[in-house]
Amino acid sequence: MTYQVDNDKLYRYLFKDRAVRGEWVRLNNTFIDTLNTHEYPQVVQNLLGEMMVATNLLTATLKFNGNITVQVQGDGPLKLALVNGTDSQQIRALARLQGEVHNEMTLTELVGKGVLVITIAPTEGERYQGVIALDKPTITECLEDYFIRSEQLQTQLLIRTGEFEGKPVAAGLLLQIMPDGTGSQEDFEHLATLAATVKDDELFGLTAEELLYRLYHEETVEIYPPSAVEFHCGCSLERSGAALLLISDEEIEEILQEHGGSIDMQCECCGTHYFFNQETIEKLKA
């Protein structure tokens, strides 16, 4: 297997004789970089990996510049899981826990009473937000339902998380009938049945061309040049300072006194520390 070639890449492809399009993405370093600053339980890592792959596949369907945020909110031990991805395939993720988490937990046990929220934010134009009930066993199945309801397009999502060569990996496939109405249900079901036969080591280890040939060697598949995927947080001293200034002067003074004259603000996504003393805060105010 040629493991290194297509890591952290997203491919789009088209079945020429079937009016069905597809996408494939594999996250290696991107996934590792997301997890590096946290010690999430394995079940939370897996959920974030699933959501990251789904977000990459979703952003690849955008017809405009912007970003998509996929978040799970609930009253269970997992209070929040959030992934944000841009049309240029820059992605970041975080999770907030508020109780004890066991790796054997189901999605319902982990989230409790919760929802899946998808926010699509174009660089220009109005935001769109969809709220989806978490009434299925996996995030992937909930998202498939979202596609059918919101876009009226038959869609298959197939996402796996795990380890390959001792490192965390998350990968997935998306199949979708072309939106121009030329695709048939029979063609889609045929290709979806073939996709469902994919094995973890194929998703995690093969190149895009090898994988698609393994699944669809009797089909005519056009593969487009890949897009690189990377972890990108976007935090900065200025953003952290702006958040700090949202609290009152009295509270800032109290925190400074409690912490020896310096406030340490740590980014939830990447773990970067930003330090503010009285002089720095006065400059921010100015």
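Along each chain, numbering runs from 1 in the same order as the chain's sequence is written. Restriction of local features to residues with pLDDT of at least 70 applies here, the model being predicted, together with a cutoff of 80 or more for giving and counting side-chain atom pairs; totals for whole chains, interfaces and linings are based on all residues. Side-chain metrics in this entry use all non-hydrogen atoms of the structure; hydrogen atoms and water are not considered.

### What to know about the pattern of salt bridges
Salt bridges, as used here, are contacts in which a Lys or Arg side-chain nitrogen is within 4 Å of a carboxyl oxygen on Asp or Glu. Under the defined criterion, the tally for this structure stands at nine salt bridges. The closest approach of N and O atoms between E222 and K16, which form a salt bridge, is 3.9 Å. Taken together, the residues E222 in strand 10 (residues 221–223) and K16 in the loop between strand 1 (9–15) and strand 2 (20–27) connect sequence positions 206 residues apart. Taking the shortest distance from any N to any O, the salt bridge between R96 and E268 comes out at 2.5 Å. Numbered from the N terminus, helices here are DSSP runs of H or I no shorter than four residues, and strands are runs of E no shorter than two.

### A short note on the pairing of strand 8 (residues 155–164)
The two faces of a sheet get side chains in turn, since along a regular strand they alternate between them. As defined by bridge partners, strand 8 adjoins strand 9 (residues 167–177) across 10 bridges and the pair is classed as antiparallel. Bridge pairing in strand 9 places E163 opposite P168. At least two bridges found by DSSP between two strands is the condition for calling them paired. Counting the residues that bridge the hairpin from strand 8 to strand 9 gives two residues, and of these E165 lies at a positive phi of roughly 50°.

### Notes on the domain arrangement of the protein chain
It is common to give the size of an interface as the accessible area lost on bringing the parts into contact. For the protein chain, the assigned domains are domain 1 (2–231) and domain 2 (237–285). Either an automatic procedure or a domain database provided the assignment from which the domain bounds are taken. When each unit is reduced to the centre of its C-alpha atoms, the spacing between domain 1 and domain 2 is 36 Å. Summed over both partners, buried area is the accessible surface (1.4 Å probe) that two parts give up on being assembled. Taken together, the two surfaces of domain 1 and domain 2 that pack against each other cover about 520 Å², and 52% of this comes from carbon and sulfur. One can count one salt bridge joining domain 1 with domain 2. With four residues, the single largest contributor to the side of domain 1 that touches domain 2 is strand 5 (residues 90–97). Of the residues in the side of domain 1 that touches domain 2, the class split is three nonpolar, three polar and two charged. Each residue gets one label: Ala, Val, Leu, Ile, Met, Phe, Trp, Tyr, Cys and Pro are nonpolar, Asp, Glu, Lys and Arg are charged, and the others, such as Gly, are polar.

### Considering the environment of Q257
Position of Q257 relative to the elements: it lies in helix 9 (residues 249–258). Using a relative accessible area of 60% as the deciding quantity, one classes Q257 as exposed. Between the C-alpha atom of Q257 and that of E126, which follows or precedes it by 131 residues, the distance is 43 Å. Buried, partly exposed and exposed residues are distinguished by accessible area as a fraction of the type maximum, computed with a 1.4 Å probe on protein chains only: under 20%, between the cut-offs, and over 50%, respectively.

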